[in-house]
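Spelled out from the first residue to the last, the chains are:
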Amino acid sequence: MSTRNITMLQAVNEAMHERMEMDSDTLLLGEDIGKNGGVFRATDGLYETFGPSRVIDTPLAEAGIIGSSIGLALNGKKPIVEIQFLAFIYPGFEQLVSHAARMRYRTRGQFHLPMVIRAPYGAGIRGPELHSESVESFFVQTPGLKVVAPGNPYDAKGLFHAAVKDPDPVLFLEDTKLYRAFKQDVPAESYEIPLGKAAVVREGSDLTMVAWGSMVREAVKAAERMEKEKGWSCEVIDLRTIYPFDRETIIESVKKTGRAAVMHEAHKTGGLGAEITAVINEEALVYLRAPVQRVAGYDVPVPQFMVEDLYLPDAGRMANAVEKAMTF
Amino acid sequence: MTNRHQELGMSDEHVMEMYRTMLTARMLDERLWLLNRAGKIPFVISCQGQEAAQAGASAALDTTVDYVLPYYRDLGVVLHFGMTPEEVMLSNFAREGDPNSGGRQMPGHFGKRESNIVTGSSPVTTQVPHAAGIALALKQKKKEAVAFTTFGEGSSNQGDFHEGINFASVHQLPVIFMCENNKYAISVPLDKQLNVEHVSDRAAAYGIPGESIDGNDPLAVYDAVKRARERALRGEGPSLIETVSYRLTPHSSDDDDMTYRSKEEVDQARTTDALETFRHYLEEVSLLTPEGEEALRSEIRAVIDEATEAAEQASYPDPTTLMNHVYEEGNS
Ligand SMILES: Cc1ncc(C[n+]2csc(CCOP(=O)(O)OP(=O)(O)O)c2C)c(N)n1
Ligand SMILES: [Mg+2]
């Protein structure tokens, strides 16, 4: 297979090109996704290639975008929606939560919705408050939705293909910090990474770190630092699909290491870290040698600019958590 | 030539104050771009092309009693209502002294209680129902005042637009809804947003007056808002006013408008820039001379210099305050 060295933004863009080519029922909808190519340039070139009937600049109204996409999916199309920033999904929240997520369940499978909703999320790009939030917890409380959050270009492309092929609605979260952060060798052909499967991105024996999106890189940095400074060996799991998530990979790892630390940008209280901790407690309690640590955003709206750096979890905070678990 | 502002009952001082607001807004905005391009501030969202609508509308309101619920481009409105250039700079530099949010919120998300500037946030159009609620409270308290809110034409497609205006119409509330139509919603042109010619055409659906005004004519906007205010105070309910102009800058400092519109189109729009056309008017009615204009500009420039300097020197929020104000202090 030939590969190219590309960013996550390019990987997502490429995956969309491929889906559009493979299946003429696939449509893109969103704000500024046409000529402009999206505010992050994720849809660059798609309008030029596939034209205005398949790459649709919608009016500025998210309930309408998600609601009409539900109608499209009900009638044989495969909509791929871009919500400009994750927190701007709120006007469309009702359509997503009350309809997209439960169409299959409430009709006993008569209707189902093959649709993908892409949304950039996360802090650290100096886009304050609603431009920077990590509110995945709202959606992991919504059975019927799948929630995916890739941590690198290779995974982004493979997961995206799987998301579009999935017969149920998938919320595809793209960490804005990762869009152009680094490049990776990505196959030129299309390929899939199955939803619901985590990846062990670094092996270790003393502690298991669980993260997704850009937090994976922070976790790896912390793991490297701990190895060098303390001789502690940390395993890092990139969850990739955050709902429903891969319990087996986490449990298997924790049984081996006996310690765990979960890291996410979302607020600590009620964040996914709490659920992962509970799963570890339920299934691997007797293996634990320290309480599961959580490294998370504080319970305060994401503030802007200078205060933002204080808000955002990083390798330093993860290292503190590791130290706490190792010296418990 | 006829002296239009006197016909509208505006004094020379009043009209010059209006012009000063327009010019201050423009010059401040230009400075923000310079600071952004110099790497000193992270983000700018502009008023350029909409100053006349903003200053004209504000001049018809009563800053001592009316409430404004502006949107992110409304530098002209908030300057008129009492936000200072220094406060604007403090916000753009994200300093502790920023009156809107203590350096926590995005620039352009104006809010200053003592000036009756009601805070807004990033999701568009959410201020429209707030304005209806403020107006209902005004009515119940029997206050001689109105709520004034603004938004873009793209934003008029959100459900909040319908729900807010409908509620205000049903209850005949003293509120003015002003759509600043600048022809683009980021990259999406008007005809991809609406299937009617004017946002104001939608007023018919609510049984309220709708008017589309040249947004580059501050006197026409003044007149429309003044009439809408009088109507509201008579208890006859809300009005929908649309000011049509053109967004002269990219959507924000993060946008490249040349990917979706041409330089010729922007240059063409500059020929009707109100900062030019209204200055000509003031010269024609002998309120301004080229020397007077230069003096006014250097006065404003000095204010902006000082504001920039002060904001740059000001301190960032104290890290220990990161968690403050999520709830009432001491009550969580
Ligand atoms: C609910 C929501 N969706 C998307 C956005 C992103 N966004 C910010 S401004 C804007 C365009 C607004 O256009 P318009 O209403 O015409 O106002 P203008 O900026 O042209 O003044 C968009 C899409 C947002 N802020 N809120
Ligand atoms: Mg607009």
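Please read all numbers here as calculations on a predicted model, not as lab measurements. (Residues numbered from 1 in each chain as written. Chains lettered and ligands numbered in written order. Predicted model: local features only at pLDDT ≥ 70, side-chain atom pairs only at ≥ 80, totals over all residues.)

Asks: Sorry if this is basic, but what is going on with the site of ligand 1 here?
Replies: The local shell around ligand 1 holds 21 residues, among which Phe88(A), Gly152(B), Gly154(B), Ser155(B) and Ala185(B) are the closest. Near ligand 1, the surrounding residues belong to chains A and B. In the shell around ligand 1, the residues fall into eight nonpolar, seven polar and six charged. (Near = placed C-beta within 6 Å. Nonpolar A, V, L, I, M, F, W, Y, C, P; charged D, E, K, R; others polar.)

Asks: Explain the sheet that holds strand β7 (residues 239-244) of chain B to me, please; I cannot follow it from the model alone.
Replies: Residue and element names in this part refer to chain B. In space, the five strands of this open sheet follow the order β1-β2-β3-β7-β6, with parallel pairing throughout. One side of each edge strand has no neighbouring strand; the edge strands of this open sheet are β1 (67-69) and β6 (210-214). The mean inter-strand angle of the sheet, taken between neighbouring strand axes irrespective of direction, is 20°. Note that strand β3 (residues 175-181) and β7 share six bridges and pair parallel. From the neighbouring strand, Glu180 faces β7, where its bridge partner is Thr243. Here helix α6 (residues 127-140) sits on the sheet and contacts β1, β2 (147-152) and β3; the angle it forms with β2, its principal contact strand, is near 170°. (Pairing = 2+ DSSP bridges. Helix = DSSP H or I, 4+ residues; strand = E, 2+ residues; numbered from the N terminus. Axes fitted to C-alpha atoms, helices over the stretch in contact; angles between N-to-C directions. Contact = placed C-beta atoms within 7 Å.)

Asks: I would appreciate a short explanation of the UniProt feature "domain: Transketolase-like pyrimidine-binding" (unreviewed entry) in chain A in the present structure.
Replies: Under the local residue numbering, the UniProt record ascribes the feature "domain: Transketolase-like pyrimidine-binding" (unreviewed entry) to residues 6-181 of chain A. The span residues 6-181 of chain A shows a helical share of 35% and a strand share of 16%, and its end C-alpha atoms are spaced 10 Å apart. (UniProt positions renumbered as here; feature names shortened; annotations may be inferred.)

Asks: What is the right way to read the UniProt feature "domain: Dehydrogenase E1 component" (unreviewed entry) in chain B from this model?
Replies: Under the feature "domain: Dehydrogenase E1 component" (unreviewed entry), the UniProt entry names residues 19-319 of chain B. Note that residues 19-319 of chain B is 42% helix and 10% strand, and that its end C-alpha atoms are spaced 41 Å apart.

Asks: Looking at this structure, how should I read the sheet that holds strand β6 (residues 146-148) of chain A?
Replies: Whether parallel or antiparallel, the strands of a sheet pair through hydrogen bonds between backbone atoms. Residue and element names in this part refer to chain A. Ordered in space as β3-β2-β4-β5-β7-β6-β12, the seven strands form an open sheet in which the pairing is mixed. Each edge of the sheet is formed by a strand with only one pairing partner; in this case those strands are β3 (55-57) and β12 (241-243). Sheet twist, expressed as the average angle between the axes of neighbouring strands with direction ignored, equals 25°. Of the strand pairs in this sheet, β6 and strand β7 (residues 170-175) are connected by three bridges, and their pairing is parallel. Across the sheet, residue Lys146 finds its bridge partner in β7, namely Val170. With respect to the sheet, helix α3 (residues 62-74) is in contact with β2 (26-30), β4 (78-82) and β5 (116-121), its orientation differing from that of β4 by roughly 165°. Taken strand by strand, helix α7 (residues 153-165) contacts β4, β5, β6 and β7, and its axis lies near 160° from that of β7.

Asks: Is there a simple way to think about the interface of chain A and chain B in this case?
Replies: Size of an interface: often given as the accessible area lost when the parts come together. The interface of chain A with chain B comprises 29 residues on the first partner and 30 residues on the second. Broken down by element, the side of chain A that touches chain B gets its largest block of residues, five residues, from helix α11 (residues 305-311) of chain A. When the residues that make up the side of chain A that touches chain B are grouped by side-chain class, the tally is 18 nonpolar, four polar and seven charged.

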